[in-house]
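So the chains spell out like this:
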Number of protein chains: 2
Amino acid sequence: MKRILIFAAILCFCGCTWAVAEEGMWLFTNPPTEAIAEQYGVTLTPEWLERVQKSSIRFGNGGSASFVSPQGLLMTNHHVGISTLQRMSTADDDLVKNGYYAETLADERKCPGVELNVLWEVRDVTAQVQAAVRPGLTGDAAEQARRAIISKIESATNEETGLKCEVVAFFNGGLYHLYCYKKYTDIRLVFAPEQAIGFFGGDPDNFEYPRYCLDVTFFRAYENDEPAETPNYLTFSENGAVDDELVFVSGHPGRTNRFKTVAELKFYRDKLNPYGMEKVYRKEVTMKAYGEMSAENLRQVQTEIFRWTNYRKVRLGVLTSLQDASLMARKEAEEKALRDEITRARLLNLNEASPWLQIERALKQWEPIMYAHDLLETGEGFNTPLFTYARQLVRAAQESQKPDEKRLRGFMTADLPNIRTSLEAESPFYAEVEIAKLGDSLTLLIEKLGAEDQLVKQMMAGKSPQNRALELIRGTKLADAETRVAYFDTAIEVGQIATDDPMVELALALDKRARELRSVMETRVEEPMRQAYTKIADARFKLYGTTVYPDATFTLRLTYGQIKGVTDPDGSTHPAWTIMGNTFKHGEAHNFIAPYTLPDSWMAARDRIEADTPMNTISTTDTIGGNSGSPMINAAGEIVGILFDGNRVAHARSFIYDDTHIRSVSVCSTAIIESLKSVYATERLLQELETVMK
Amino acid sequence: MKRILIFAAILCFCGCTWAVAEEGMWLFTNPPTEAIAEQYGVTLTPEWLERVQKSSIRFGNGGSASFVSPQGLLMTNHHVGISTLQRMSTADDDLVKNGYYAETLADERKCPGVELNVLWEVRDVTAQVQAAVRPGLTGDAAEQARRAIISKIESATNEETGLKCEVVAFFNGGLYHLYCYKKYTDIRLVFAPEQAIGFFGGDPDNFEYPRYCLDVTFFRAYENDEPAETPNYLTFSENGAVDDELVFVSGHPGRTNRFKTVAELKFYRDKLNPYGMEKVYRKEVTMKAYGEMSAENLRQVQTEIFRWTNYRKVRLGVLTSLQDASLMARKEAEEKALRDEITRARLLNLNEASPWLQIERALKQWEPIMYAHDLLETGEGFNTPLFTYARQLVRAAQESQKPDEKRLRGFMTADLPNIRTSLEAESPFYAEVEIAKLGDSLTLLIEKLGAEDQLVKQMMAGKSPQNRALELIRGTKLADAETRVAYFDTAIEVGQIATDDPMVELALALDKRARELRSVMETRVEEPMRQAYTKIADARFKLYGTTVYPDATFTLRLTYGQIKGVTDPDGSTHPAWTIMGNTFKHGEAHNFIAPYTLPDSWMAARDRIEADTPMNTISTTDTIGGNSGSPMINAAGEIVGILFDGNRVAHARSFIYDDTHIRSVSVCSTAIIESLKSVYATERLLQELETVMK
């Protein structure tokens, strides 16, 4: 109770809503059990927490999922599974378009290249890590010391536990946990709906509500060629959730910036994010213009177009929220309150050694190199994988000749086989796409670094961006995997690449400047900021302990909230539910023209479907990208939905929690069951789910 | 001959191609007759020139056309006539989609709001204008004196001649001509093809070659309700042009920057044009995203989307050409050669009083206010006509209370009725479109002027850009024409607007700063640059007289060149012709999916059409936007085509002429005649054309 009271005091003091009711992406090691008990009269038992934790799955590199039967059956979003479906599809057997259902266990199809992780064990290793970074160490030295101890802890525990162990930093290094995961790599497809209903409404409806998506896919984890035994799993609720009901989301939010200083948020608002938008606008336009030239062109760049359209919506949402003075004022009040507390408790020197000032100083180092670092070192000035290959070859040649401890990150002896594997991988290559992308990014490079810059002049070789791109893409042999590997083998053998490949020459020409920029970025920006944030996190700990939650880091979190309707900023109000029957009306309103074309299976089932069944629902749970596929559960620990999106204004959650207009969007458990019954007649799957339903 | 020799000397001296063979958008008062006689053995007689001049038409505000019969029949591009067709269309009678043919004279349909101008008489008024601007006058004073004398000359000659007279400046004020136009306002539609063939290949094919468009429409000028008598007209050539044939284009190129200093071109390259691209990318994306939400949304913003796609292609073409170091090196060599000549002839002080330095200094004044001026004074930060209305009301209120000579341009007593008319005009209004546009431009405003700027804060009222846009568009009454006019009448009566309309309040709030920016722009940037360019033009005159041509100013010009195939920068080569039969193959290659759907009339006529008939053709003539619809004629003065586009790299012509890869694209006269015969069977029209053909 005491911790809650401290909170309340801050709330009163600064007049802002620091940690409002449902805010927080909580660690399972520190769930907000007291607040939930207080507010909802619901007690989360250790057993409840353990079962939910061990039922929750990190899916591949960007999504969430959960076990829904004791035989390894698991559920995620269709849009989380889609890249897997795409890899398994051929022109004749398009699983994305047609969906899939395995009538028997034997029909469950193996999915290539998917890894699932389930958080099994957590240990606090903060003391060990912090002790290794001796005070006074700066830049590279601090970073190296930290990396060394982390890698030591990880390899020791990997052996000890047989699990996959990772040291993860929370609170910008205020807390280090060792996370040990149970890993599954034999995953098979059980059921996927057609993309037309999985992503009904397509890009126009993406990040909107009301919504009508069956964004769900079932896989099964296998061990030793048998369905995995998963005693920790979640059952489906019989009737789903109701208005105002308390719900939980257990999943893997990707990244938030809630605890960045106001100075850094303003840097994002004023510099970094506008630049990011500039890039995404031109990429979207360049790819769409290319795609419009023919159906085949469109096919080649369809996923690029989806990536940039989606990314643009997210980034623009974040930027315009940062530009909202009332939200920024809340962040300022939060920061002031924290600084006042720190001063009162005499925890930190807030004068010249203030970590806030340290961050401001670091940002001042970042600003003048922001474009150059991004264009030359991150490689945004050369938007083609062929440049990335060239860069890897050039650096592998140089780094492989040094002792391990002097090498760049990613080029240790142990990393080289991975680099070779990545160079070996074949992927579709369309020269005209790469020319369009590279031409556009060279135009940006000239704009930002200046046409009179000597290095720019050298790189452009007296040509227009389009003609230089043409020359580079036509001239390089790096589109060929065998050539890449041959170059690589020579490179690490003799320490240089004896080639007149124009892309390699380009990468070589700019490498010195790129490395200088990288070094400035690492030593004068990133490391000072890391240290400053550690100091702030430290002080915050001393004040509040773990009654605050850390920023999202694609690790398992628990969030809670209520099923609740919404009033949009434009004044329109929406109930907390849509119903299955209105899915057809939504299609009709768009004349069923793509992306509002319903699949034949749905059109045929129109009369069979119980029209009033809740379809999608919104809640005040605190989620963000990465949470996609997370189970939404009730107090009894039963599945009432699966999270798949946020509404239009939800992107502000990157840096602030607010439930005035923001909602998370989920597919209702009822819609999943009703579609499996009335549309897809997936008896075997239903039986397995209903067996586990109460 | 002597003038030509001076040229040759310069060419040798600087090693560059200052005025290569076909360069030049020549005034009819100074055609390059000697060069043409020399190079092609063709003599342009005064009669030839007069007939071509008086057959050439300036069409509305942005295109060219020509008389093709003595009864006022005239020909322009379909894309020049399209906005007229659109205004004449209804949902049931869509002239854009279906085309039109008037079987009888009585069927020729009246076109609302079209004005044609034919250049009838030219007088040199340089001495009069220059004398009025006394040396030493700067800024506003110089500009006012110039405007006064110009308006005096114009009104005197209007009365004297009964023509529409305009003083036009060439060579940045080195030469002032009085242009008197014969005006036609009763225009009727004779024939238009379907847009599907008029703009075949749509946006993807726009600015590309090979090409297959029947981009032509016929109108007729009337006087006193009878077909106008137009003894000056062009006849159709019987067989069209052949490879390497000398051809002429007589039309109205809009704007070029050929005689800007290198410093100003670099300012475009480094500052102005990148900013322009940034704006067009986001506008295109914002409008397309809006359009994708439903068919109705798309209908609302279709023309906006076309505008920005087209504009983006043009502007990107110009920017990437400016970024081409080899082209810039040519501009630098040209400039050096001119400066050397000036120094040798002791024509100008090229030290501290150098006009080149004066221009550089003016650009240094421009740079720091570039964003603010564009956003606040030009109004780009408030991208909705509702803001433009508000601005007009606010300024009309203030300006109408001053004596005429103290008012802002456009707000004289004589201008007020025009403002009222423009406020009165009804046009479709879609609140959601305006919210999207305004929201995007407010985001840009914050990015460029800074979220902490006091005026920005005041304008945003503590809201996000989207929410502020919502509030402004929902709150204002300016979408209603009657309200606008009522506001206006009060405004000029009492000198202020007693309204709490939020858009008017916004326009008022920023007006002081906008006016300051305007004043800086006019007095410290534009006027010093105008004076400097006048000095350079003066010196150029003294050196070369009118053997050089002035930059394009949407006035009548003659250019010449050859029908010639092309090798693209990517190495692909194309003959100078496409043929009608391949129009079908081009459609087939795109599965006849829009914009590659051929109209039914063409599909039905496939077997009747003579497949080998030349369809579109390319030439080295020196043209640019505004030339669309210009007749392409042979040495005998006969029409061999109608110009409608440039190829992909043609945008460089904004600042340089080059015929390595650049071509102008025309519809062949043969394709026009063959379609009228075999597709449309327009006997009456053909008879009129063939009567005038030899």
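Residue indices follow the written sequence of each chain, beginning from 1 at its first position. Starting at A for chains and at 1 for ligands, labels are handed out in the order in which the entities are written. Only residues with pLDDT of 70 or above have their local features reported here, since the model is predicted, and side-chain atom pairs are shown and tallied only from 80 upward, although totals for entire chains, interfaces and linings are computed over all residues. For side-chain calculations, the full set of non-hydrogen atoms in the structure is used, while hydrogens and water are omitted.

Draft legend 1. Spatial organisation of the packing of helix H13 (residues 355-377) of chain A against helix H16 (residues 431-449) of chain A. Residue and element names in this part refer to chain A. Interaxial distance between H13 and H16 falls to 10 Å at its minimum, and their mutual angle equals 150°. Between H13 and H16, the angle is such that the two are roughly antiparallel. Considering only the axes of H13 and H16, their crossing is left-handed. Contacts between H13 and H16 involve Tyr371, Ala372, Leu375 and Leu376 on the former and, on the latter, Leu444, Leu445, Lys448 and Leu449. In terms of residue class, the contact of H13 with H16 is built from seven nonpolar, no polar and one charged. Note on geometry: axes are C-alpha line fits, over the in-contact stretch for helices, and angles between N-to-C directions span 0 to 180 degrees. Here a helix means four or more residues in a row that DSSP labels H or I, a strand means two or more in a row labelled E, and each is numbered from the N terminus. Put simply, angles under 35 degrees are roughly parallel, angles over 145 are roughly antiparallel, angles from 65 to 115 are roughly perpendicular, and the rest are oblique. For a crossing to be left-handed, the near helix must be turned anticlockwise from the far one by less than a right angle; the clockwise case is right-handed. Throughout, a residue-residue contact means that at least one pair of heavy atoms, one from each residue, lies within 4.5 Å. When residues are grouped by polarity, Ala, Val, Leu, Ile, Met, Phe, Trp, Tyr, Cys and Pro land in nonpolar, Asp, Glu, Lys and Arg in charged, and all others, Gly among them, in polar.

Draft legend 2. Representation of the pattern of salt bridges. In the sections that follow, a salt bridge refers to a side-chain nitrogen of Lys or Arg positioned within 4 Å of a carboxyl oxygen of Asp or Glu. Under the definition given, this model contains 124 salt bridges over all chains. Ionic pairing is found between Arg648 of chain A and Glu208 of chain A, a salt bridge with its closest N-O pair at 3.0 Å. Here the residue Arg648 of chain A occupies a position in the loop between strand S19 (639-646) and strand S20 (664-668), and Glu208 of chain A occupies one in the loop between helix H9 (202-205) and strand S10 (217-223), the gap between them amounting to 440 residues. Buried, partly exposed and exposed residues are distinguished by accessible area as a fraction of the type maximum, computed with a 1.4 Å probe on protein chains only: under 20%, between the cut-offs, and over 50%, respectively. Residue Arg648 of chain A is classed as exposed on the basis of its relative accessible area, which comes to 54%. Taking the shortest distance from any N to any O, the salt bridge between Lys266 of chain B and Glu332 of chain B comes out at 2.7 Å. Taken together, the positions of Lys266 of chain B in helix H10 (residues 262-291) and Glu332 of chain B in helix H12 (residues 325-344) put the pair 66 residues apart, joining distant regions of the chain. On the basis of relative accessibility, which here comes to 17%, the residue Lys266 of chain B falls in the buried class. One network of salt bridges, with partners in common, ties together Glu377, Arg391, Arg395, Glu399, Lys402, Arg409, Asp511, Arg515, Arg518 and Glu522 of chain A.

Draft legend 3. Quick peek at the sheet that holds S20 of chain A. All names here are of chain A. Pairing between strands is defined by DSSP: at least two bridges between them are needed. On the basis of which strands lie adjacent, the open sheet formed by seven strands has the order S13-S12-S18-S19-S20-S17-S16 and antiparallel pairing. Each edge of the open sheet carries a strand with a single partner, namely strand S13 (557-562) and strand S16 (577-579). Between one strand axis and the next, the sheet turns by 30° as a mean value, whatever way the strands run. Across the face of the sheet, helix H2 (residues 33-40) comes into contact with strand S12 (246-251) and S13 while running at roughly 15° to S13.

Draft legend 4. Spotlight on empty space enclosed by the protein. Method remark: on a 1 Å grid restricted to protein atoms, a set of points is classed as a cavity if a 1.4 Å probe fits but cannot get out and as a pocket if it is open with protein on both sides within 12 Å along at least five of seven lines; lining residues have an atom within 4 Å of a point. Grid points are joined across faces, edges and corners, and a volume is the space filled by probe spheres set on the points. Taken as a whole and assessed by the stated rule, the structure comprises 13 cavities of 30 Å³ or more. Its volume calculated, the largest cavity comes out at about 230 Å³. If one sorts the elements of the lining of the largest cavity by residue count, H12 of chain B sits on top with five residues. Of the residues contributing to the lining of the largest cavity, the split by class is twelve nonpolar, two polar and eight charged. Looking at the second largest cavity, it is lined by 14 residues, and the ones nearest its centre are Phe259, Lys260, Glu335, Leu338 and Arg540 of chain A. At the level of elements, helix H12 (325-344) and helix H20 (502-544) of chain A are the ones that each hand at least two residues to the lining of the second largest cavity. If you tally residues by element for the lining of the second largest cavity, the top one is H12 of chain A, at four residues.

Draft legend 5. Focus on the relation of the copies chain A and chain B. Least squares is used to superpose the copies, and the fit set is the C-alpha atoms of residues whose pLDDT is at least 70 in both copies. Its rotation angle being 180°, the transformation that places chain A on chain B also includes 0.0 Å of axial translation and leaves an RMSD of 0.1 Å. The symmetry that links the two subunits is that of a two-fold axis. Among all residues of chain A, the one whose C-alpha sits closest to the rotation axis is Tyr281 of chain A, at a distance of 2.9 Å.

Draft legend 6. Up close: the packing of H10 of chain B against helix H16 (residues 431-449) of chain B. Residue and element names in this part refer to chain B. It is the contact of H10 with H16, at a shortest axis distance of 10 Å, that shows an interaxial angle of 150°. What the angle tells us is that H10 and H16 run roughly antiparallel. The hand of the H10/H16 crossing is right-handed. Here H10 contributes Tyr275, Glu278, Lys279, Arg282, Lys283, Thr286, Met287 and Tyr290 to the contact with H16, which in turn contributes Glu432, Val433, Ala436, Lys437, Asp440, Thr443, Leu444, Glu447 and Lys448. For the contact of H10 with H16, a count of residues per class yields six nonpolar, two polar and nine charged.

Draft legend 7. Structural context of helix H14 (residues 385-399) of chain B. Residue and element names in this part refer to chain B. Under the 1.5 Å per step criterion, the end-to-end length of H14 is 20 Å for 15 residues, consistent within 8% with the ideal 21 Å. The buried count for H14 comes to twelve of 15 residues, which makes it a mostly enclosed element. For H14, the set of buried residues is Leu386, Phe387, Tyr389, Ala390, Arg391, Gln392, Leu393, Val394, Arg395, Ala396, Ala397 and Glu399. For H14, the elements touching its buried residues are helix H13 (355-377), helix H15 (416-424), helix H18 (465-475), helix H19 (481-494) and helix H20 (502-544). One fewer than the residue count of a helix, multiplied by 1.5 Å, yields its expected span.

Draft legend 8. Structural context of the pairing of strand S1 (residues 56-59) of chain A. Residues and elements named next belong to chain A. A two-sided burial pattern is seen for S1, the buried positions comprising Ser56 and Arg58 on one face and Ile57 and Phe59 on the other. Bridging between S1 and strand S2 (residues 63-67) involves four bridges; their strand directions are antiparallel. Residue pairing in the sheet places Ile57 in a bridge with Ala65 of S2. Counted between consecutive antiparallel strands, the loop separating S1 from S2 contains three residues, among which Gly60 sits at a positive phi close to 55°. Bridging between S1 and strand S6 (residues 116-124) involves two bridges; their strand directions are antiparallel. Counterpart to Arg58 in the pairing with S6 is Asn117.

Draft legend 9. Here's a closer look at the sheet that holds strand S12 (residues 246-251) of chain B. Residue and element names in this part refer to chain B. The seven strands are arranged S13-S12-S18-S19-S20-S17-S16 in an open sheet whose pairing can be described as antiparallel. Each of the sheet's edge strands pairs with one partner strand only, and the pair in question is strand S13 (557-562) and strand S16 (577-579). Adjacent strand axes in the sheet meet at a mean angle of 30°, parallel and antiparallel pairs treated alike. Of the strand pairs in this sheet, strand S18 (residues 631-633) and strand S19 (residues 639-646) are connected by three bridges, and their pairing is antiparallel. Directly across from Pro631, in S19, lies its bridge partner Ile642. Taken strand by strand, helix H2 (residues 33-40) contacts S12 and S13, and its axis lies near 15° from that of S13.

Draft legend 10. How the structure looks around the pairing of strand S3 (residues 73-76) of chain A. All names here are of chain A. Alternating residues of S3 divide into Leu73 and Met75 and Leu74 and Thr76, and every residue in both groups is buried. Bridge count for S2 against S3 is two bridges, and the pairing is antiparallel. Bridge pairing in S3 links Phe67 to Leu74. What sits between S2 and S3 in their antiparallel hairpin is a turn of five residues, with Gly72 showing a positive phi close to 75°.

Draft legend 11. Inspection of the packing of aromatic side chains at higher detail. Pairing of aromatic rings covers Phe, Tyr and Trp, the last through its six-membered ring, and needs centres within 6.5 Å; plane angles under 30 degrees mean stacked, over 60 mean edge-to-face, and all others mean tilted. One pass over the full model with this rule turns up 37 aromatic pairs over all chains. Considering the side-chain rings of Phe171 of chain A and Phe541 of chain A, the 4.9 Å spacing of their centres and the 65° angle between planes classify their relative orientation as edge-to-face. Pair noted here: Phe171 of chain A is in the loop between strand S7 (164-170) and strand S8 (175-184) and Phe541 of chain A is in helix H20, with a separation of 370 residues, a long-range link. Residue class for Phe541 of chain A comes out buried when judged on its relative accessible area of 19%. Ring geometry for Trp308 of chain B versus Tyr311 of chain B: centroids 5.9 Å apart, planes at 80°, classification edge-to-face. With Trp308 of chain B and Tyr311 of chain B both in helix H11 (residues 295-322), this residue pair falls three residues apart, about one helical turn. Members of the aromatic cluster, each reached through a chain of ring pairs, are Tyr101, Phe191, Phe218 and Tyr680 of chain B. Whether a charge sits over a ring depends on NZ of Lys or CZ of Arg being within 6 Å of the ring centre and within 35 degrees of the ring normal. Across the ring face of Tyr181 of chain B, the terminal group of Arg58 of chain B is positioned such that the distance to the ring centre comes to 4.5 Å. Over the face of the ring belonging to Tyr222 of chain B we find Arg188 of chain B, whose NZ or CZ atom lies 3.8 Å from the ring centre.

Draft legend 12. The arrangement of the environment of Ala142 of chain A in detail. All names here are of chain A. Relative to the helices and strands, Ala142 resides in helix H7 (residues 139-161). For the pair Ala142 and Glu588, spaced 446 residues apart in the sequence, the C-alpha separation amounts to 61 Å. If sequence neighbours within four positions are ignored, Ala142 has contacts with Val133, Leu137, Glu527 and Gln531.

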